[in-house]
Amino acid sequence: MYFKLSEEQELLRKTVRDFAEEEVAPKAAEMDEKEEFDWTLWDKMAEMGLTGIPFSDEYSGAGMDNVSYAIAVEELSRVCASTGVAISAHTSLGAWPIYYFGTEEQKQKYLAPMAEGTKIGALGLTEPSAGSDAGAVKTTAVLEGDEYILNGTKIFITNGYYGDVYVVIASTDKSKSHRGTAAFIVEKGTPGFTFGKKEHKLGIRASATYELVFENCRVPKENLLGLDGQGFKIALGTLDGGRIGIAAQALGIAQGALDQAVAYSKIREQFNQPISKFQGLQWMMADMATRIEAARLLVYKAAWMKDNGLPYGKEAAMAKLFASECAMWVTTKAVQIFGGYGYTREYPVERMMRDAKITEIYEGTSEVQRIVIAANLLK
Amino acid sequence: MKIVVCLKQTFDTEAKIVINADGQIERKGVSLIMNPYDEFAVEEGLKLKGKDGEVTVVTATGPEGQDALRQALAMGADKAILVDPGRADIDEFTTATILAKAIAGLEYDLIIGGFRAIDDGSAQVAGRVAEILGLPVVNVVTKLEVADGKAVATREIEGGSEVIEVPLPAVITAQKGLNEPRYPSMKGIMQAKKKPMQKTTAAELGLDEAALAPKVKALSFTLPSARAAGRLVPGEAPEAARELARLLREEAKII
């Protein structure tokens, strides 16, 4: 066992924390209020290479490991969960499936500009009646000559509208259920590909969540990702990795809320002393810190297993389950420590509490994580 | 252009300063950063070095200083040199003696440093390095242009600014406003570990005890007295403003 981060990982954490505190934190409340992401932040993150952390140099990535990627998402989410998920959805959901399943041509054409951050990535999986049940997708893809023709609607797509490259899961043969699915790389601007409504959400309000609409959208055959029939496999494999990203996001939200609560408890006075002197709050903060540390170990371990070529589906599910429930619990306590002020938008903890909730839902609800973990136990 | 940047690792600006039982500033458990003025110096070096140029960063400190050097390498510097003084009681004279000795063995067109460090704030080291090396020095620079073997530097003076021209090589000290330091890039962080970092000691550079003996000695340290609590002036705005003006004039005596 060796629990020390490498020199590079430490420097990455310091760098991303400095960037997050200096550039992102001052904008977080306003972006939440306006339900709009400030895309100048994206350009700055692209310049720093935060848009291609775990991809190799040959595809313009930073060539860092998944532990580093998790740390970066954690540090961004510590001040702004919407910024964290913009990077996480782009990297884990949009770029990773191309990195892992794509042909050399697809990687050069799509992955390299995504890693550079000049193109933003997203995954089109969820539909009104399909999400974690990836085999139930109703969007269809029919091969006609050299093109697949896509029809259907995707919902709740993170980085929708602003995204340039979408990995879209569609059914090519209804009779084969999940074995009759395929993944396609679809560019924004392809005729027949438009955007539906923008979702107005409880939390991560600066993150763009849109409907994708495909009406006789013609996608060149060479944009088939992997093989026809692999759509379900690609979707689940992508979600396994995506869960590490969301777990890291949840971890960051929780850490941010604890840091806020600790600082506030030292300056807020009641009964002639800082509220940090009350044992009731000390124990609350001790429990918050302990759960966060446990979450951190699960997240980093899942990332480490991925880096070391070990099966990590169960560990990623555990990390996502525990870190997201930790984030919800910790942010609720943080609001409690702030009292009435915590309930107002004068302080960031109410935003963190709203942001935390989604981590228990997207990329598989907590219930789905338990199904994944149990399936691994009982196989 | 070959540029040498002198840098120092300092306490984090948010670090809580504690005087320990020996009357010294406690260094244990304090997070360290690159002196922010030295970040301006590194950035300026990177901007000026040009295609075939080279930036070498130098520090005179114990092994802990390599974190700041690594950060400079990740920002884009090419080489780093860490010289361990081998003693704790160093002053500005000692530090400058070591840095000048290390730099004397290098090729350089320009030496840049922060105009002061945020910890002891003595603003002496870069000037002393210039003196030892027999170079011109321009302090507190907010704008720098280098061409044709000359540097044109704009520096702050009381009530305005002054533009100075010096022949190269020269020593320039950086003030806030000179530039906006970049964040290390992820690729930069990965490349930093492959870049050369030379670790040496003052003794290995040929500096003996006598050459390094500090000229000044700090006798004691005290913390500033705690800031008094603020005061609220109650009442309706017009009366409160009148009362505030009276307090500022008669009690605080600042207007």
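Throughout this document, residue positions are counted from 1 along each chain, in the order its sequence is written. Both sets of labels track the order of writing: A upward for chains, 1 upward for ligands. In view of the model being predicted, local features appear only for residues whose pLDDT reaches at least 70, and side-chain atom pairs are presented and counted only at 80 or more, with totals across whole chains, interfaces and linings using the full set of residues.

Chemist: I would appreciate a short explanation of the overall build of chain B in the present structure.
Modeler: Numbered from the N terminus, helices here are DSSP runs of H or I no shorter than four residues, and strands are runs of E no shorter than two. From N to C terminus, chain B includes seven helices and 11 strands. Each principal axis of the C-alpha atoms in chain B carries an extent, and together these give about 70 × 50 × 40 Å. Within chain B, residue pairs in contact and separated by at least 24 positions form 71% of the contacts whose partners lie at least 6 positions apart. Think of it this way: build a C-beta for each residue from its backbone, and any pair within 7 Å is a contact.

Chemist: What should I look at first to understand the nonpolar core in this one?
Modeler: One broad rule of soluble globular proteins: the nonpolar side chains tend to lie buried together. Put simply, a nonpolar core is buried Ala, Val, Leu, Ile, Met, Phe, Trp, Tyr and Cys residues tied into one set by C-beta atoms within 7 Å. Three exposure classes are used. Buried residues have 20 or more other C-beta atoms within 10 Å of their own C-beta, exposed residues have 12 or fewer, and partly exposed residues fall in between, all C-beta atoms being placed from the backbone. If you look at the biggest cluster of nonpolar residues, it comprises 182 residues, and the most contacted ones within it are Phe184 and Val299 of chain A. Beyond its immediate sequence surroundings of up to four residues, Phe184 of chain A is in contact with Ala141, Tyr148, Leu150, Val168, Ala170, Val219, Asn223, Leu224 and Leu225 of chain A.

Chemist: It is not clear to me how helix H1 (residues 36-48) of chain B should be interpreted in this structure. Could you clarify?
Modeler: The α-helix advances 3.6 residues per turn, and as a result positions three or four apart in sequence lie on the same side. Residue and element names in this part refer to chain B. For a helix, the expected span equals 1.5 Å multiplied by the number of residues minus one. With 13 residues, H1 ought to run about 18 Å at 1.5 Å a step, and its terminal C-alpha atoms sit 19 Å apart, in line with that. Considered for burial, the residues of H1 that qualify are Tyr37, Asp38, Glu39, Phe40, Ala41, Val42, Glu43, Glu44, Gly45 and Leu46. Looking one or two residues past H1, Gly50 carries a phi angle of roughly 75 degrees, positive in sign.

Chemist: What is the right way to look at the pairing of strand E2 (residues 140-144) of chain A in this model?
Modeler: Looking down a regular strand, the side chains alternate between one sheet face and the other. Residues and elements named next belong to chain A. Two strands form a pair only when DSSP identifies at least two bridges running between them. Here E2 runs beside strand E3 (residues 147-158); their pairing, made up of five bridges, is antiparallel. Counted as the bridge partner of Glu144 is Glu147 from E3. Between E2 and E3, which pair antiparallel in sequence order, lie two residues; one of them, Gly145, sits at a positive phi of approximately 65 degrees.

Chemist: Would you take a moment to explain unusual backbone geometry for this structure?
Modeler: Leaving glycine aside, a negative phi is the common case for residues, and trans is the common case for peptide bonds. At the junction of Leu168 of chain B and Pro169 of chain B, the peptide bond is cis and its omega measures out at -5 degrees in the coordinates. Topologically, Pro169 of chain B is positioned in the loop between strand E9 (160-167) and strand E10 (170-174). With phi around 70 degrees, Asn159 of chain A is a residue other than glycine that occupies positive phi space. Residue position: Asn159 of chain A is located in the loop between E3 and strand E4 (165-171). Given 26 C-beta atoms within a 10 Å radius, Asn159 of chain A is considered buried. With phi around 70 degrees, Tyr161 of chain A is a residue other than glycine that occupies positive phi space. Summarising the element assignment, Tyr161 of chain A is placed in the loop between E3 and E4. Taking the number of C-beta atoms within 10 Å as the measure of exposure, Tyr161 of chain A has 17 and is therefore partly exposed.

Chemist: Where do I start with the sheet that holds strand E4 (residues 54-60) of chain B in this structure?
Modeler: Adjacent strands of a sheet pair through backbone hydrogen bonds, lying either parallel or antiparallel. All names here are of chain B. If you trace the nine strands from one edge of the open sheet to the other, you get E9-E8-E7-E10-E6-E1-E4-E5-E11, paired in mixed fashion. In this open sheet, the two edge strands, each paired with only one partner strand, are E9 and strand E11 (197-201). In this sheet, adjacent strand axes meet at a mean angle of 30 degrees when their direction is disregarded. Here strand E7 (residues 137-147) pairs with strand E8 (residues 150-157) via six bridges, running antiparallel. Its bridge partner being in E8, Val146 is matched across the sheet by Ala151. Lines fitted to the C-alpha atoms define the axes, with helices restricted to the stretch that makes contact. Angles between their N-to-C directions range from 0 to 180 degrees. Here helix H2 (residues 66-75) sits on the sheet and contacts E4, strand E5 (79-84) and E11; the angle it forms with E5, its principal contact strand, is near 170 degrees.

Chemist: Would you mind going over the pairing of E10 of chain B with me for this structure?
Modeler: Residues and elements named next belong to chain B. Counted residue by residue, E10 has five buried out of five residues, so it is predominantly covered. By the alternation rule, side chains of E10 split into Ala170, Ile172 and Ala174 and Val171 and Thr173, which are all buried. Judged from the five bridges that link them, strand E6 (residues 110-114) and E10 form a sheet pairing that is parallel. Paired with Ile112 across the strands is Ile172, a residue of E10. Summarising the sheet, E7 and E10 pair through three bridges and their orientation is parallel. Pairing of Val138 across the sheet is with Ile172, part of E10.

Chemist: Can you help me understand the packing of helix H7 (residues 279-307) of chain A against helix H8 (residues 313-338) of chain A in this one?
Modeler: Two numbers describe a pair of packed helices, the interaxial angle and the distance between the axes. All names here are of chain A. For the pair H7 and H8, the least separation of the axes is 9 Å and the interaxial angle reads 155 degrees. As judged from the angle between their axes, H7 and H8 are roughly antiparallel. Handedness of the crossing formed by H7 with H8: left-handed. Contacts from Leu281, Met284, Met288, Arg291, Ile292, Ala294, Ala295, Leu298, Val299, Lys301, Ala302 and Met305 of H7 reach H8 at Glu315, Ala316, Met318, Ala319, Phe322, Ala323, Cys326, Trp329, Val330, Lys333 and Ile337. Residue classes follow a fixed rule: Ala, Val, Leu, Ile, Met, Phe, Trp, Tyr, Cys and Pro count as nonpolar, while Asp, Glu, Lys and Arg count as charged, and any other residue, Gly among them, counts as polar. Grouping the constituent residues of the contact of H7 with H8 by class yields 19 nonpolar, no polar and four charged. Any angle from 65 to 115 degrees is called roughly perpendicular, while one under 35 is roughly parallel, one over 145 is roughly antiparallel, and all others are oblique. Each crossing is labelled by how the near helix is turned from the far one, with a counterclockwise turn of less than a right angle marking it left-handed and a clockwise turn marking it right-handed.

In short, geometric facts, not functional conclusions.
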